[in-house]
Amino acid sequence: MSAIAGIYSFGRESASAEEGGKMMQALRKYPADRVCAWCEGSIFMGCHAQHVTPESVHERLPFYDEQRNLAITADAILDNRSELFERLGVRQERRQEIADSELILLAYDKWGVEAAQYLIGDFAFVIWDAKRRRLYGARDMTGSRTLYTYQHDSGFAFSTVVAPLLTLSSLRKELHEPWLAEFLSIRSMQESVDIGTTAYKHINQLPPAHWFTMEEGKRILHQYACLNEVEPLRLKTRGEYIEAFREVFSQAVTARLRTHRAVGAALSGGLDSGAVASFAAPSLHLQQKPLYAYSYVPVQDFEDWTSPALLANEQSYIQSTARYVGNIHENYLDFEGKSPFSEIDIWLELMEAPYKYFENSFWIRGFYEKAQEHNVGVLLTGARGNFTVSWGPALDYYARQFRRMHWLQSFQGLWSYGRLTGIRMSRLIPLMLKKATSLDSRASLSRSQRSPVPSLIHPEFAKRMHVEDVPVLSGTGWMKNADQTRKEKFSNLAIANKNGVVATKLSLRYGLWERDPTGDSRVIRFCLSVPFEQYVQNGRDRALIRTAMKDHLPDDVRLNQRVRGVQPADWLHRMIPCWDTFMGELQMMCHDLRTAEYLNVEFIKTAMSKLRHPGPEQASDPNIRLLMHSLIVYRFLCGFNDSI
């Protein structure tokens, strides 16, 4: 794992070692096991390395291959090393110690610019091909690692994070207003439509599943993979689907245990993280290692306001999983004294941009802090499981059956679903019929849909930036086809990009790598290829993983369809003690000229007047969410302007 940086001076000019040194200096805030640089002619490359895998301990980055006249700097962990050994003809005696970066270099030497499509794992890398005078870089299929770029008349620069690019003398730090307008206009977690841009004018980022080349001052950008393009998988029996699932999922989990340090996992009481832990813990036991589990629980004085179908404290289910699986060291963390409000400045410094996922910010970062104490090298999650391994929306499936005039099967399945969930048929039937009569698979993902301009953005700013033309992410409403919506989750690179930015920047700060087996490209493609009917069986939603986890997870977790965890239900409860301070800062914001042209101050004032004394049960109030988002943007703008 590494933070990388570099400069390419066009023509035959020498790369500035002084400029490169400034970039490397900007990376000093991150812990490092080794810091190295390489400079030759028009190229400067640097690497701020953190050792996570056994091979990385002896890895030298940047690495220059004299025989091939190729140089590489990389932030990479490859998960298909065995496959690459065979394809690239790596000798048996070299396979134990060869570094991932050298494998990438061999892949480029064999396949050229198509090399990235043969790599599976989390990576961002840049290669200098001296023979062709070509700079080539790529980012992994799911966007797990980041790569920012800056191009000007006489050169090109790249970095894992934004800060090193801002040290360059040719770059003037400016706010990229179109990005901010999209951020303010899109109601979903998506931050912008054009994922190649950033909050900084002149600084771009390489999108997930893309490679670039830079030759003679001209850049070519190419998407090399589309994860949602799969052929349907047709197997003979239900058992064959289960075995195929276990094989691909086990492969994904096992590949992510490759570290000479400890292994941790974010563990909830649900299926996704539980399934990951149930495969990881036994494998680690063979290595005489425990699995450190980090679980969020509410603060002690929180009174659960959620419905009976929701669970704010999942500790009993987590304990059941840990006892059943074994070899799990549990850590239940309530992060008393922390809240989304207390985290704003820390996260703005981490992310180098405004962010939207504030509710979970304090415990996500808290997991990293705790894992760092345990010398964890790899932190496992099941973050993308809802749309891969544990997908299976029952109401959508039975609505599809009804539309196809399989009425008996539809109502029989719905009755079984009601029995398992405890929901009455008098409630389920209208819901299913509404889906059945509303869904239009042809129109559900139409890009012609436009978002209304939310009140958070100043109307004049919205008009000036033309955000009324911004397409919205489809989401999962009544008018959406569930199967197509899931595919869009993997075709819309903005989602992968957001997840990757968070994971990369947290990993660099705390010296450990977040790894998600449920987001493995092989797992994604397999799950998308499995027919819908394998995911819903006899009233069981998420049926594929529920069946596959027999003998891996306890039945109270595996077969639970009555309650689901909600994290964290107590975020607003945590903020109430500092609510007057929060409102006071919002008042100050409303009188600050720095935000007047961007934010709809009149709307913010109206929302504030309605929320003078909120209760914890208002945690999902959209007005509070917009107030939090406005304050996050305000703090970013203040910091941005003060640093110019």
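Keep in mind that what you see is a predicted model, and the values were worked out from it rather than measured. (Residues numbered from 1 in each chain as written. Predicted model: local features only at pLDDT ≥ 70, side-chain atom pairs only at ≥ 80, totals over all residues. Heavy atoms only, no water.)

1. Here's the deal with the overall build of the protein
Counted only if it meets this: Numbering of helices and strands starts at the N terminus; helices are DSSP runs of H or I of at least 4 residues and strands are runs of E of at least 2. Radius of gyration means the value over C-alpha atoms here, while the globule rule gives 2.2 Å times the residue count to the 0.38 power. When accessible area is computed with a 1.4 Å probe and restricted to protein chains, residues below 20% of their type maximum are described as buried, those above 50% as exposed, and intermediate ones as partly exposed.
Counting secondary structure elements, the protein contains 24 helices and 19 strands. For 644 residues, the compact-globule formula gives about 26 Å, and the C-alpha radius of gyration of the protein, at 25 Å, lands near that figure. Principal axes of the C-alpha set define a box for the protein whose edges measure 75 × 65 × 50 Å. Split into buried and exposed, the 644 residues of the protein put 60% on the buried side.

2. Some points on a nonpolar patch on the surface
Under the convention used in this document: Residues enter patches when their relative accessible area tops 30% and they take part in no salt bridge; the joining distance is 9 Å for like charges and 5 Å for the nonpolar side chains Val, Leu, Ile, Met, Phe, Trp and Tyr. Only the protein chains shown count as covering a residue, and every accessible area follows the Shrake-Rupley method with a 1.4 Å probe. Whenever a carboxyl oxygen of Asp or Glu lies within 4 Å of a side-chain nitrogen of Lys or Arg, that contact is scored as a salt bridge.
Residues Met-405, Trp-407 and Phe-411 make up a contiguous nonpolar surface patch of roughly 330 Å² in combined accessible area. A residue is classified by how much of its surface remains accessible, and Met-405, at 59% relative accessible area, is exposed.

3. Quick look at the nonpolar core
Put simply, the rule reads: Working definition of a nonpolar core: buried Ala, Val, Leu, Ile, Met, Phe, Trp, Tyr and Cys residues. They are joined through side-chain atoms within 4.5 Å.
Residues Leu-184, Leu-291 and Phe-582 are the most contacted members of the largest nonpolar core, which totals 148 residues. Element by element, the count of residues in this core is highest for helix H24 (residues 622–642), at 12 residues. The next biggest cluster of nonpolar side chains, apart from the first, holds 56 residues, and it includes Tyr-8, Val-126, Trp-128 and Tyr-136.

4. Observations concerning the sheet that holds strand S13 (residues 262–266)
Going by this rule: Pairs of strands are assigned from DSSP output, requiring at least two bridges between the strands. To define axes, lines are fitted to C-alpha atoms, for helices over the stretch in contact only, and angles between the resulting N-to-C directions are given on a 0 to 180 degree scale. By the convention used here, residues are in contact when the closest approach between their heavy atoms is within 4.5 Å.
Taken together, five strands build an open sheet; the order of strands is S16-S14-S13-S17-S18 and the sheet is parallel. This sheet does not close on itself; its edge strands, each paired only once, are strand S16 (328–333) and strand S18 (513–515). Adjacent strand axes in the sheet meet at a mean angle of 25°, parallel and antiparallel pairs treated alike. Looking at chain direction, S13 and strand S14 (residues 291–296) are connected through four bridges and run parallel. By the bridge assignment, Ala-266 is partnered in S14 with Tyr-294. Set on the sheet, helix H8 (residues 315–325) makes contact with S14 and S16; between it and S16 the angle comes to about 170°.

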